[in-house]
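Single-letter residue listing:
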Amino acid sequence: MNLKDIKIPEISLHSKRRIIFALLIFAVAVFSKSGFVLRPFSVSPMIMVPLSVIIALYEKSIPGMAFGILCGALWDLTAATPDGFYTVLLAVAGFVCGSLSTFFVRTNLFSSLLLTFFTAGGCSLMHWGLFYLRKGYDGAFGVLFGHYLPSVLYTLVFSTIFYYVIDYIVKHTKEKKKLL
């Protein structure tokens, strides 16, 4: 048996794109926790939200949910309380955004900004409500307006960056349609 006789299966462009997305998610998770992301006035972006939303816009519902689970799980690994909160939220967000892109929304910069804003805002309000408001901490509204809402706005900057990066990846891994 020669090396020439061994058949290596060809990986489709769609599979390569999903592998690149997974590697991008891991790289962003590492960079976000290593100090490479600027935090002006102690405002940290929810950097995994735009990544999962924009990937879901291109990959549709079930793969979008899977990438949302990956983003949320990596975010929960580095959170103060790894309770699966972000995994569940980003899984739902990935499924909803992927479904919206299938039936109602065009995949463009405006829709990615809008969906990222609503997803990040929803994540922030739910986290604030569950972990600050429900527990009755003093100054809970100060935390909402001083930390959570600026974090949502700062996240939109990364949404723009990720949109162009993911759009570039999708355009260069799109399978050509065969004409009959």
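Data block above holds the structure.
Keep in mind that what you see is a predicted model, and the values were worked out from it rather than measured.

Rules behind the numbers
- Residues numbered from 1 in each chain as written.
- Predicted model: local features only at pLDDT ≥ 70, side-chain atom pairs only at ≥ 80, totals over all residues.
- Heavy atoms only, no water.
- Helix = DSSP H or I, 4+ residues; strand = E, 2+ residues; numbered from the N terminus.
- Buried < 20%, exposed > 50% of the residue type's maximum accessible area, 1.4 Å probe, protein only.
- Contact = heavy atoms within 4.5 Å.
- Core = buried A, V, L, I, M, F, W, Y, C linked by side-chain atoms within 4.5 Å.
- Salt bridge = Lys/Arg side-chain N within 4 Å of Asp/Glu carboxyl O.
- Disulfide = S-S within 2.5 Å.
- Phe/Tyr/Trp six-rings, centres within 6.5 Å; stacked < 30°, edge-to-face > 60°.

A. Up close: the environment of tryptophan 75. Counting through the fold element by element, tryptophan 75 comes out in helix α3 (residues 61–77). A residue is classified by how much of its surface remains accessible, and tryptophan 75, at 13% relative accessible area, is buried. Once the C-alpha coordinates of tryptophan 75 and glycine 122 are considered, the two residues, 47 residues apart in sequence, prove to be 16 Å apart. Once residues within four sequence positions are removed from consideration, tryptophan 75 is found in contact with Met46, Met48, Val49, Tyr86 and Leu90.

B. Molecular detail of the nonpolar core. Ile25, Met48, Val49, Leu51, Phe162 and Ile166 are the most contacted members of the largest nonpolar core, which has 39 residues in total. Those elements giving two or more residues to this core turn out to be α1 (13–33), α2 (48–59), α3, α4 (85–103), α5 (109–133) and α6 (140–172). The leading source of residues in this core is α2, at nine residues. Phenylalanine 162 has contacts with Val28, Ile47, Pro50, Leu51 and Ile54, leaving out every residue within four places of it along the chain.

C. The arrangement of the pattern of salt bridges in detail. The full count for this structure, using the stated rule, is three salt bridges. Of the charged contacts in the structure, one is a salt bridge between arginine 17 and glutamate 59, with a shortest N-O distance of 3.6 Å. With a gap of 42 residues between them, arginine 17 in helix α1 and glutamate 59 in helix α2 connect regions that are remote in the sequence. Side by side, arginine 17 and glutamate 59 carry an identical accessibility label, which is buried. Between aspartate 167 and lysine 171 there is a salt bridge, and its shortest N-O distance comes to 3.2 Å. Of this pair, aspartate 167 and lysine 171 are both found in helix α6, four residues apart, which corresponds to roughly one turn of the helix. By relative accessible area, which is 14% here, aspartate 167 ends up buried. Within this structure, Arg17, Arg18 and Glu59 form a network of salt bridges that share partners.

D. Layout of the side chain of serine 124. With respect to the helices and strands, serine 124 occurs in helix α5. According to the relative accessible area criterion, serine 124 is buried, its value standing at 2%. In contact with serine 124, other than residues within four places in its own chain, are Met46, Tyr148 and Val152.

E. Broad picture of the state of the cysteines. One pass over the full model with this rule turns up zero disulfides. Here cysteine 71 stays free of any disulfide, with the sulfur of cysteine 123 as its closest cysteine sulfur at 11 Å. The class for cysteine 71 is buried, based on a relative accessible area of 0%. Here cysteine 123 falls in the buried class, since its relative accessible area comes to 3%.

F. Layout of the packing of aromatic side chains. For the coordinates displayed, the defined rule picks out ten aromatic pairs. Their ring planes at 85° and their centres at 5.9 Å tell us that phenylalanine 21 and phenylalanine 67 sit as a pair that is edge-to-face. One end of the pair, phenylalanine 21, is in helix α1; the other, phenylalanine 67, is in helix α3, and 46 residues separate them in sequence. Note on tyrosine 154 and phenylalanine 158: the rings are 5.4 Å apart at their centroids and 70° apart in plane angle, and the pair reads as edge-to-face. Placement of the pair is tyrosine 154 and phenylalanine 158 together in helix α6, with a separation of four residues, close to one helical turn. The same class applies to tyrosine 154 as to phenylalanine 158, namely buried.

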